[in-house]
Structure formats: structure tokens, C-alpha cells
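Summary of the model geometry
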Amino acid sequence: MIEIIQLIKIQFFRKMTNHKYILLLSLILSTTIFSCKNDGAGETMTEQEPESRFITVSKEQFDFNEMKLAKVELIDYSNTLQLNGNVILNTGATANISSPMEGKITGLKTRIGEYVRKGETLFSVQNLELIQMQQQYLELESQMAVFEEEFARKENLYKENVVVKSDFLQAKQKLDDTKTRIKSMEKQFEVLNVSPSGVNANNLSSTISITAPISGQVAEVSITNGEYVMPDHSLMKIINPSDYEIEVGITQDKMSQIKKGQVARIFPNANENGVAIGQVARIVQDIDMEDKTMKAYITTNGNQTTNLVPGSYVRVSLVLGDSTQPGIEEQAIIDYYGKDVLLVLEKQDENNYYFEALPVRKTGTSGSKAIIGDDMDGKQILINGGFQLMQ
């Protein structure tokens, strides 16, 4: 074993400028020494700790490259669950526009992509039957005035026993029937967006106005001016792209971690800067047999710094709980051939710093800090300049 160590030392000094070789020596040597300790159970090893496992950095090199040291510290950390989701419109965020009566389209100016406000006129539908309806309504109102007067006269005569009861009831029946027919027509006018109070002989109209039931963006227009349309056919579609929620699928092994009210951070695509903050609003207690997931829905309530587009996919970071964990600047962790390592300061003298490359287990991130699952309390870590040493 001693001869192997001496041979490694000789090879190390021959290639001391190659830091990749130094790291390999460090890892090989650490493994070899550990093996010797196990194989030599019952024997006492007196050999001193070999210097070749260190990466040596002169103080001049340290200062020139503006290298920095820092200690592992306890930081606030949110334990999160990473999920994929997609942005969907809420139920009330979509409106299909149709006409309550058949007729010819007039006054259409709205174009796809334009924003419209609730109650704004989109187009009109012309039908001559509307004039007949208004005429009939005016006739009924005139008849009701006559029937009211006749009913009042018959009622007084009946009280004085001048007329028989059947005459009184007949007058009452005529009045009640007329009132019912007027109420029925007023309901029809309401559906047609026609105000009954505005119906008069001098203001008869053959058109009805079709207005926007919600505020939003015009997504579809399937009509043109002069086109004759039938009732209840979809003529236009409006969506409110700001009225949405995020749907996420949760696998069976994660279902127990999801609770209503949990905070969620939503990232569109790979954009880490724009983020929407939401919370779990609903959990559907049923497993989708197609993808074997349970659905949960997250609302943002306008708490966002970026626009989320309905139909797009997003990444969701669901906060499961807060805790304090050991962490270090993320840039201190070096990816060395697929393994995460830290350069730990083991000692120093007047001229040099001596670092050892130690494997580290990264368990998460919090801002610019990496959460590590290894006990390095009190040790100084190279947080700036370590990458160059490993080249």
C-alpha cells in the first residue's frame, strides 16, 4: 500500500498543473486509504495523511483570480413539489354569440382580435316580424286600458247588485288575459334586448342589437353583413384571456401531499423571471383513468408578473412547507463528469491554500443558494473560481 501511495505522489508531482488529474488522484487516494483501513483491521497505521489529495492554490493565484470563500449556513427553504400544468379558461370566460331570432345581419364592424366590453353592441339582426310584435304589444296595451275601465265599472255595478256575477267575472277575465299576454310579450322583448318602455307608435324598429355578454377578446367571427342567420347558431365567440386557472395532474404517489390552499409558483415555459403566484383552489377526488392522475386547479387571482396564455403549458412549483436547511452559493457546486463536488479548504499556510474536492448531494435550491444534504458545518468552501481549477 505504501509503495502505491509513493507511486501516486510521483505521478502527481509530474502532473501537478493538471487539476483534473489532481481531483482523480484525490478520489482514488481517498478510496484506497479507506480500503486499506478496512483491510488492515486490527493493525495500526502510522503513515501521515498524504498531501497529494489536495489541490494547492497559491495566495497570489487566489487573489489574482478573485477567489472567494464562504461557510455553509442555514437558510430558509421551501420544500416544493414540481408539477406540469396547462392554462385553461374558466367556465365563465368564454361566450358563444347567437341571435334569438332569425334575420339579416347588419352593422357588423367587430373584427377578430378586438377587445369588446360587456354590453357593447356587436352587430344587429333585422326582421320585419319585430315590427308586427311591437304593433301587437301596443294594441294589447290599448285594450288593457279599455278592459281596466270596464272592469272597474262592472265591479261597482256588481257591488250594487245591478249586474249579475257572471258579467263581473267576464270583465275580470278579459282584463287578466290581456295582462298575461302583455307580460308574455315583455319577456319576449327582454330576450330580444328590446325595452318595452321604448316601444311606441313613432319608434317602431325592425332590428335588434346583439351585445357582448362578457368583456374580452373576439376569438371567432363566422358571419358577414347581409347574411341571413337562424336562431341559436353560433355567430361569434368571445374569450376573456385573463380569466383562467391552471390544471395540474398529480400521480398517485403524490396525492397525499396536495391540500387546498397550498401556495403555488407558476413559471411559463422556461422563463424563471416571470412568475405567477397562486393557490390550490380545487382538488377533484377522482382518478383520470386515461393518465392515472388526479386533477387539481390553481387560481392566481391576478397575482402575476407575466401573462399566461390559455392553452399553453407551464411548470408549477407547489410549496409543501417551509424549513431551515444547510446551503451554500449554487455556483460553488462544480459538475465534474456528472458528479457534484465542492472544493473544501482543509488547511492553509503562509503561501498556499489547500483544497480537497469532496462529493456533495444537492437536494434543492432557494434563490441563488443550493440546499445540500451533507454535513459541512463550519467548513470553508470555495464559492468563486473553483470551476477554473477543475479545467
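Residues numbered from 1 in each chain as written. Predicted model: local features only at pLDDT ≥ 70, side-chain atom pairs only at ≥ 80, totals over all residues. Heavy atoms only, no water.

Considering the overall build of the protein chain
Along its length, the protein chain carries six helices and 22 strands. For the protein chain, with 391 residues in total, the buried portion stands at 36%. Long-range contacts, defined here as pairs at least 24 residues apart, represent 74% of the contacts in the protein chain between residues at least 6 apart. Element-wise, carbon and sulfur atoms account for 48% of the exposed surface of the protein chain, whose accessible area totals about 23,200 Å². (Helix = DSSP H or I, 4+ residues; strand = E, 2+ residues; numbered from the N terminus. Buried < 20%, exposed > 50% of the residue type's maximum accessible area, 1.4 Å probe, protein only. Contact = heavy atoms within 4.5 Å. Areas by Shrake-Rupley, 256 points an atom, 1.4 Å probe, with all protein chains shown as cover.)

Concerning helix α4 (residues 129–159)
The terminal C-alpha atoms of α4, which comprises 31 residues, lie 44 Å apart, in line with the 45 Å expected from a rise of 1.5 Å per residue. Among all positions of α4, only Leu130, Met133, Gln134, Tyr137, Leu138, Leu140, Phe151, Lys154 and Leu157 are buried. The elements touched by buried residues of α4 are α5 (165–191) and β8 (207–211). The positive-phi residue at the C-terminal boundary of α4 is asparagine 161, with phi of around 60°. (Expected span 1.5 Å × (residues − 1).)

Some thoughts on the packing of aromatic side chains
Inspection of the entire model under this criterion finds seven aromatic pairs. On the basis of an interplanar angle of 25° and a centroid distance of 6.3 Å, the ring pair of tyrosine 353 and phenylalanine 355 is categorised as stacked. In terms of burial, tyrosine 353 and phenylalanine 355 fall into one category: buried. Clustering of aromatic rings is evident, with ring pairs tying together Phe62, Tyr353 and Phe355. Here the basic side chain of lysine 347 rests over the ring of tyrosine 354, its NZ or CZ set 5.3 Å away from the ring centre. (Phe/Tyr/Trp six-rings, centres within 6.5 Å; stacked < 30°, edge-to-face > 60°. Lys NZ or Arg CZ within 6 Å of the ring centre and 35° of its normal.)

Things to note about the pairing of strand β15 (residues 293–299)
Counting buried positions along β15 yields seven of seven residues, so the element is predominantly enclosed. Side chains Thr293, Lys295, Tyr297 and Thr299 of β15 all project onto a buried face; the interleaved residues Met294, Ala296 and Ile298 project onto the opposite face, where all are buried too. As paired strands, strand β12 (residues 244–251) and β15 are joined by six bridges and run antiparallel to one another. Each bridged residue has a counterpart across the sheet, and for threonine 251 the counterpart in β15 is threonine 293. (Pairing = 2+ DSSP bridges.)

Notes on the sheet that holds strand β9 (residues 216–221)
The strand order across the open sheet built from four strands is β4-β11-β9-β6, with neighbouring strands paired in antiparallel fashion. Edge positions in the open sheet fall to β4 (94–97) and β6 (115–116), since each of these has one partner strand only. Bridge count between β4 and strand β11 (residues 236–239): four bridges; the pairing is antiparallel. Bridge pairing links asparagine 96 to lysine 237 in β11.

Here's the deal with the sheet that holds strand β10 (residues 228–229)
Read from one edge to the other, the open sheet built from four strands follows the order β8-β7-β5-β10, with strand pairing classed as antiparallel. Sheet topology places β8 and β10 at the edges, where each strand pairs with a single neighbour. In terms of strand pairing, strand β5 (residues 103–106) meets strand β7 (residues 121–126) through three bridges, oriented antiparallel. When the sheet's bridge partners are listed, lysine 104 is paired in β7 with glutamine 126.

Considering the pattern of salt bridges
Any two side chains of opposite charge can pair if their charged atoms end up close together. Per the counting criterion, the structure on display carries 10 salt bridges. One salt bridge connects glutamate 150 with arginine 153, and the closest N-O pair in it is separated by 3.1 Å. On the criterion of helical spacing, the pair formed by glutamate 150 and arginine 153 is a turn pair, its members being three residues apart in helix α4. For glutamate 150, a relative accessible area of 28% corresponds to the partly exposed category. Judged by relative accessible area, arginine 153 falls into the partly exposed class, the value being 43%. Aspartate 291 is paired through a salt bridge with lysine 295; the nearest N and O atoms lie 3.1 Å apart. The partly exposed category is assigned to aspartate 291, whose relative accessible area is 38%. (Salt bridge = Lys/Arg side-chain N within 4 Å of Asp/Glu carboxyl O.)

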